[in-house]
Amino acid sequence: MQVYSAQEVIPTIHELPDIRNEVLQLYNTRLKNSIKEGEEKLQLMQRSSFHLGIHQEPTLQFADSIMWGWVHHQNLIRVMKDATDIVKLLLNFLETTFEDIIEGHQELEAFIITYKDYVVDSDMAASMQQTLQRTFEYLNDFETRITCKHVPLKLRLHLQPEYVYQIPKLFTSLIIKGPVIIDRSALCVTSNTVHLHWEVAGQQSEVPNEEFNICVKNLDTDELRQSTCQSYNIQIEDLLPDTQYWFYVKRADDTGFLYGQWTDNIVLQTDISK
């Protein structure tokens, strides 16, 4: 997708007597498509889970378990709280900025319709130039932040006390993982079993040893069953025939888990026993 800067997309009144043509061109080439794509990206971000990443110097190759052992517990609690606040601020920024993009989109659309057969005076042209510039600035800010998967964190506190010199310095980042989504097309239901498949949005291949939590609830009796697995599918057995069950699958919370509010779920009814 081509990216326009404010200077590229906003001509002066002297250069463009008919601002409507310019608005119409840019509205159709970038902004219109960006609304749908932005809505999908925002929903994906809202459903993602956010994790604290701990990194060492590139020249070092210590295992993650060793690195976590270097972390000062009290510092970690405060660091994770600050990082969680950053996640919430990021989501709020994206939601608010997207609302601003929608508002600008609506103003430009109304302008195109209203001034279809009218000459645009200089005041209206100047107003639309400002709206166009402001909307594309919001769009550029939105797209810059929504595509990041690893964001370096600048926190008020380090994971290690400053007086500790014997161990390597650790660095932190915000890691964004796509949501776990049940594959509806691959479901297999019998009278006493359900075979669930799932995938991680935006992930090209399965991650070895990634752990997932599966919950099964009988909607007639409220009986709850939970299990974990390290694959992207599971067969749940010993179910009752002709019974509705509620299923959810989520990524197991790891040590660095910060925030994640969305979990995919589905209600299925087992077949009638023959």
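Keep in mind the model is a prediction, meaning the values are calculated, not measured.

So, how was this worked out
Residues numbered from 1 in each chain as written. Predicted model: local features only at pLDDT ≥ 70, side-chain atom pairs only at ≥ 80, totals over all residues. Heavy atoms only, no water. Pairing = 2+ DSSP bridges. Helix = DSSP H or I, 4+ residues; strand = E, 2+ residues; numbered from the N terminus. Core = buried A, V, L, I, M, F, W, Y, C linked by side-chain atoms within 4.5 Å. Buried < 20%, exposed > 50% of the residue type's maximum accessible area, 1.4 Å probe, protein only. Contact = heavy atoms within 4.5 Å. Expected span 1.5 Å × (residues − 1). Bend = angle between axes of the 7 residues up to and from the residue. Axes fitted to C-alpha atoms, helices over the stretch in contact; angles between N-to-C directions.

Undergrad: Just give me the short version of the pairing of strand E10 (residues 244-251), but keep the residues and values in it.
TA: The pairing of strand E7 (residues 212-218) with E10 spans seven bridges and is antiparallel. Of the residues in E10, the one forming a bridge with Ile-214 is Val-249. Two elements, E10 and strand E12 (residues 264-269), share six bridges in a ladder whose sense is antiparallel. From the neighbouring strand, Phe-247 faces E12, where its bridge partner is Ile-266.

Undergrad: Describe the nonpolar core, with residues and values.
TA: Grouped together as the largest cluster of nonpolar side chains are 38 residues, with contacts concentrated most on Leu-31, Phe-50, Leu-52, Leu-174 and Leu-258. Those elements that place two or more of their residues in this core are helix H2 (19-47), strand E1 (49-55), helix H4 (73-114), helix H5 (122-146), strand E3 (171-177) and strand E11 (257-259). For this core, the leading source of residues is H4, giving 13 residues. Excluding anything up to four places from it in sequence, Leu-31 contacts Leu-26, Ile-101, His-105, Leu-108, Thr-135, Phe-136 and Leu-139. In terms of nonpolar packing, the next biggest core, distinct from the first, is built from 19 residues, Trp-198, Ile-214, Leu-239 and Phe-247 among them.

Undergrad: Explain H2 to me, and be specific about the residues and the numbers.
TA: Compared with an ideal rise of 1.5 Å per residue, which puts 29 residues at 42 Å, H2 spans 39 Å between its outermost C-alpha atoms and is within 8% of the ideal. Roughly 50° is the biggest bend found in H2, and it falls at Tyr-27.

Undergrad: Now, about the sheet that holds E12: what can you tell me, with residues and values included?
TA: Strand pairing in a sheet relies on backbone hydrogen bonds, with the paired strands running either antiparallel or parallel. Strand order in the open sheet made by the four strands is E8-E7-E10-E12, with antiparallel pairing throughout. Of all strands in the sheet, those with a lone pairing partner are strand E8 (224-229) and E12, marking the two edges. Averaged over all pairs of adjacent strands, the angle between strand axes in this sheet comes to 20°, irrespective of strand direction.

Undergrad: Explain the sheet that holds E3 to me, using residue names and the numbers behind them.
TA: Read across the sheet, four strands follow the order E2-E3-E1-E11 without closing on themselves; strand pairing throughout is antiparallel. The sheet terminates laterally at strand E2 (150-152) and E11, the two strands that pair on one side only. Neighbour-to-neighbour, the strand axes of the sheet open up by a mean angle of 30°, direction not taken into account. Those strands touched by H4 are E1, E3 and E11, and its axis lies near 40° from that of E11.

Undergrad: Tell me about the environment of Met-124, and please be specific about residues and values.
TA: Tracing the backbone shows Met-124 in helix H5. Considered as a pair, Met-124 and Arg-20 are 104 residues apart in the sequence and their alpha carbons are 10.0 Å apart. Beyond its immediate sequence surroundings of up to four residues, Met-124 is in contact with Phe-111 and Tyr-115.

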